[in-house]
Structure formats: structure tokens, C-alpha cells
Amino acid sequence: MGTIVTLVVNGLAQGALIFLMASGLSIILGMMGVINFAHGTLFLWGGYMYVWSYYAIRLRVVMAWFETAVPVTRFGNILTIQGVQLPPGETLPFLAELVIFIAALLVAVGFVFVMGLVFEKLFINRVYGRVPAQILITLGIQVVFTDIVRVIWGPNPFPIDRPPFLNGVSVVGTARIVHYNVFLILVGLVIAVIIHRILTKSRIGMVIRAGLQSPDHVRAIGINIKRYFTIVFAAGAALAGLGGALYMPLVGNVVSTAGMNNQILAFIVVVVGGLGSFMGSFLGSIFLGLMGVGIAMTVPGLSVVANVLIMALVLMFRPNGLFGLAVSRAD
Amino acid sequence: MQPLLKAENIVSYIGPYTILHDVSLEVTPGEAVVILGRNGAGKTTFLKTIMGLVHTRSGILEFDGETLVDKETHVIQRKGIGYVPEDYGIFDLLTVEENMRIAMWKEDAETKARCDWVLDLFPDLKLAYKRFAKTLSGGQRQMLSVGRALVNDNRILLVDEPSKGLAPVIIQTLAGALKEISRTTTVLLVEQNFAMACAVGQRFYIINEGKTVESGTMADLIQNKELQAVHLGI
Ligand SMILES: Nc1ncnc2c1ncn2[C@@H]1O[C@H](COP(=O)(O)OP(=O)(O)OP(=O)(O)O)[C@@H](O)[C@H]1O
Ligand SMILES: [Mg+2]
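Residues numbered from 1 in each chain as written. Chains lettered and ligands numbered in written order. Predicted model: local features only at pLDDT ≥ 70, side-chain atom pairs only at ≥ 80, totals over all residues. Heavy atoms only, no water.

(A) Region of the structure containing the interface of chain A and chain B. On the chain B side, the residues contacting the 23 residues of chain A number 24 residues. For the pairing of chain A and chain B, the buried interface totals around 2000 Å² over both sides, and the portion due to carbon and sulfur atoms is 61%. For the chain A face of the interface with chain B, the top three residues by lost area are Met206(A), His217(A) and Ile221(A), together amounting to 31%. Counting across the interface, chain A meets chain B through one salt bridge. Residue Glu98(B) pairs with Arg209(A) through a salt bridge whose shortest N-O separation is 2.9 Å. Remark: the boundary between chain A and chain B carries nine residue pairs in polar contact (both at pLDDT 80 or more). Mapped by element, the contributors of at least two residues to the side of chain A that touches chain B are helix H6 (203-213) and helix H7 (215-220) of chain A. (Contact = heavy atoms within 4.5 Å. Buried area = accessible area lost by both parts, 1.4 Å probe. Salt bridge = Lys/Arg side-chain N within 4 Å of Asp/Glu carboxyl O. Polar contact = N/O pair within 3.5 Å; in protein donor to acceptor, adjacent residues only side chain to side chain. Helix = DSSP H or I, 4+ residues; strand = E, 2+ residues; numbered from the N terminus.)

Written out as C-alpha cells, the structure is:
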């Protein structure tokens, strides 16, 4: 029983991370018709920007707080990521740690949002409706910007810490509940509620739902849909960036291959859940997260096979995904 | 009087295909003009060309003296061109109300009044107001499409075959509504249903194989059985 609770919490936490990527990917593909292979890079940049700014801000706060604190070089390069050793027995107050964490998340998400804006304006903008060109250009972005990460922060993985206040484990009966996982689940739920409200209650949401069906008809009622494309792409980027930022402390390791791995999961969710379907990406992410930990626990060797198998089965029997939109695109 | 809409020797294309070869037409303010022609003649393509959804290769296309060529669709629409597409262009994932609201240029008292007027014109829409549009019937979609194009203060209304696929009763309702609308708004109507065309139109153009081949007053066309037989298959 305890193991099952532990697994479910882990699986839901994985699902929450996948959802952050998949929700953006799904709407970008469904509404704009853009197959975005650069999504993983945005995730990766979110992760590195978070780690970099977290350590940079924390170092400065700690050095200002304690005169005897000692910087510890974790990893040196152009944008050095440098930890800090607090004086023995000392800690930063919770509030300070919280502010540092949130500030770092904001830096990461803001940075990736701007990356999304720039990508859309410079590259994606030119390839609407041209799928082969989209694949080439987004794959190109993926390769180049992943390499830029490696140039700046090096190709090797390096360990990082979780914020201290999220670092605990509670033992409930025989279940081990990792606090960070609970935090991820909460973030996932909050983001899901926000996205759902935007989609159902706001004008942007109305335009997105309309655009999922037919961008041309949206233009024909006097709406500059390209402006919405830019916003949606950047918002999707920011969500992926948030996913990356939250992912790194979870695994405790910063790796430049994290983007590609998570992108594949997100694509599977989009296929399984159905293009542009909010419910599809939500439930699909939970499903994939739970299945992932279940399989990793029972037959670890099968996890990749299982994911691809699920995708193939869905494509065979429900080509529009399990929650495919009940609309057919008009153009 | 200066024409509100003017097309001269329009050539337009979709991808590698040239669809319109030579279309010329004028609509003066206050008129109701009908475009007739067989299936595949290029009527829909002409309306799409006006809306910038199909590209113009050559020719003059002007609205109120300003060129529409190479303008973006939303810019063209905002000049005051309401468009009712052949496939209705209704958004299934939006409610009827949202389908109306998304099209509003602004949500002021005048728009609200026009919206109420539309709901009185099509009581079906009022009944289904909060429902998702995917639950609407074909006739209701057509009403929503026409109604939606009327929420703004348009200067002209382009309507593409509103009678297509609809039952005779509904066609009558729509013909009545369009007649009513044409009292206050300039209308350019594509229509193959001759009764509907006669009920609404004052002048006509016939498009055949991407070219305007005939034009005149509706009264003339009603007399001219030969013309009807050649181009309309009546
Ligand atoms: N996307 C497209 N690609 C290639 N050819 C097209 C495309 N759309 C339309 N056509 C062709 O252009 C011609 C004109 O089509 P259009 O839809 O304008 O005819 P129409 O007069 O509206 O006919 P109908 O009365 O059947 O609606 C047709 O021969 C059609 O096959
Ligand atoms: Mg047509």
C-alpha cells in the first residue's frame, strides 16, 4: 500500500511536469499548425536559466547576510554557477529562501517567454502552413540552442540542490512522500486551472478555441490571428520553461539532454490526448506520468517501448487521440 | 456615384492554379447585387479574393477607392466588409453567444442593439444562445453566420450561397431576412437558387469559368429565358 502511494505521488509529479510541456505543444500544434521541435530546447533553457539565476541570487543574498559565508564553485564557465557554504549551524530564513526560489523561477520563465517571442517573430512566422520547413527550422533551433547551452554551461551533468524548504521527505505509514513531488503536483494543478480559465473565460481563449478549428475564419471576422499566434507561442514557451525550471531540482542534476527526452514524452501526450485538446493533454500527462513510474518500477527496460506502443495503439484505433477535438479543421 | 466595391479584370490563384481569369464587377452603395453561375464557376473564389483569402495576381480590386490587393484579411474585414462564408465559418467549440461576441469590433451599446436585432430576426439563435455551436443544425449555422456578420457596423455584406443545403422553408426565412438587411446595408450575394436571387437582387453578374460573362438588372434576367438556360441551367 505504502509503495503504491509513493508511486502514485511520483507518477502524478512526473505527469505535472509533462503537462507543462504538453499543454503548450498541443495548442501550438492544434491552433497554429506548427510542429515545434524546439519545445524541448525551451524546456532546457528554462532549466538552466533557473539553476543559474537561483545560484546567482542565493549567493548574493547569503554573502550579504553572513560575513563568513564561503562561495563554492560548482561549475565554472562563462556564466558560472556558484554555490555557497553557509557558516556552520546557520540557515537563511524561510521567507528569504522562498523569495530567492520564486525570483529564480520568474527569471527563467520570463527569459524563455522572450525566447518564445523572438523565435516566433524571427523563424516560426515565416513557415506557417509549411510543415517540412517547420520541422527543419525547429529542429535547427533545437540543435543550435542546445549546443549554446553546452558552450555556456558545459556538456557534463552537474548536481544541484532543491530549495531547502522543499527538500524534505515525510513518512506516512509505509509511504515515503517526497515534498518536492507534492509541490510539483500542486503547481501542475494550479497551472491547469489557470489555463482552463483562460481558455473558457477570456477573449484570448475564445480566439484560441476558434483558431483550433480554422485560422482563416478567424481572420475573416476581423481578427489579427498572427498576433495571437505570437502570444500563444510565447506562452507555450514560458510553460515549457517553467517545466524545465521545476524539473532540474527534481532530478537533482542539470543535463543538456533533458530537453529532448521530455519533448518526446510531450509529443506522445499530444498524440494520445488529441491535438489542441486541453483535457487530452491534462489526462494524457497524468496517464503517461503514472505509467512511467509504474513501468520503471516493474520492468525498467520497457519504458521507452511502452510509450511508443501506447502512441502506436492510439494512432491505430483513435487517430484523433483519445480526446480529439470534435471539430474538423476547415483549412 | 462612386462604386463602393470595384473589381476590374481580376486574376486570382490558389497555389499553382489560376482560378479567376477575368472578373469585373461594381457595387454602388445601397445596392443588392447577385452573382450567379454554375458550380465551380469561381463565385466563392471571387468572394475569397475580396477577403484576401485567395491571392490576386493582377487587376484592380478597390473598396471605397482604396485597394484591397495584398491587404491582410482582418484589415480588409475591418474596413467594413461583413463576410458570410459558404461553409458558414461557425466555431464549434464556442457557444452561439461567443460566436457573436468574438466577431464584435467593440462591445458598445450600438453593437448590443444590433445583436438584439439579429436575435429578433433569428429567434432560433436566441433559443440556442448558450449552447455550443457544434450542436446547431445546418440552417441554424447559416443563421448564426449571417447574424454574426451583422453585429458590426458593416458597409457591405458578402453572402456566399446562403440557400445551399437548406430546406425550402428555411430558404424563405433567409430570403426574407436578407431582403430586410438589404434595405439598410449594401449586399453582394452569391446565389444559385433563382427564387432567392430574384427576391433579394436588383442587379446581377454571371461568372462562368472564372470570367464575368453577363450582367444587367434582375428584371432583365427574369425576362431572358435564353440567358437563364445557357448559364444557369434553368
Ligand atoms: N483550394 C483549391 N485548389 C484548387 N482548385 C480549387 C480550390 N478551390 C477551388 N478550386 C477550383 O476553383 C474553381 C472555382 O471554385 P469555386 O468554389 O469558386 O466555385 P463556385 O462558383 O463557388 O462553385 P459552387 O457553386 O459549387 O460553390 C473550381 O473549379 C474549383 O475546383
Ligand atoms: Mg461556391
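So, next bit.
(B) Seen up close, the coordination of the magnesium ion (ligand 2). Residue and element names in this part refer to chain B. Only Thr 44 (OG1) and Glu 86 (OE) from the protein reach the magnesium ion (ligand 2) as donors, at distances of 1.9 to 2.4 Å. In this pair, Thr 44 is assigned in helix H1 (residues 43-50) and Glu 86 in the loop between strand E6 (81-84) and helix H3 (96-103), connecting sequence segments 42 residues apart. Overall, Thr 44 belongs to the buried group, its relative accessible area being 16%. Residue Glu 86 is classed as partly exposed on the basis of its relative accessible area, which comes to 24%. (Donors = N, O, S within 2.8 Å, 3.2 Å for Na, K, Ca; no water. Buried < 20%, exposed > 50% of the residue type's maximum accessible area, 1.4 Å probe, protein only.)

(C) View of the site of ligand 1. Residues and elements named next belong to chain B. Surrounding ligand 1, one finds 15 residues, the nearest of these being Gly 40, Lys 43, Thr 44, Thr 45 and Glu 86. For ligand 1, an oxygen atom lies 2.8 Å from a polar atom in the backbone of Gly 40. Take Glu 86: an N or O atom from its side chain is 2.6 Å from an oxygen atom of ligand 1. In isolation ligand 1 offers 640 Å² of accessible surface; the protein chains occlude 63% of this area. Every element with two or more residues in the shell around ligand 1 is listed here: strand E2 (17-27) and H1. (Near = heavy atom within 4 Å. Areas by Shrake-Rupley, 256 points an atom, 1.4 Å probe, with all protein chains shown as cover.)

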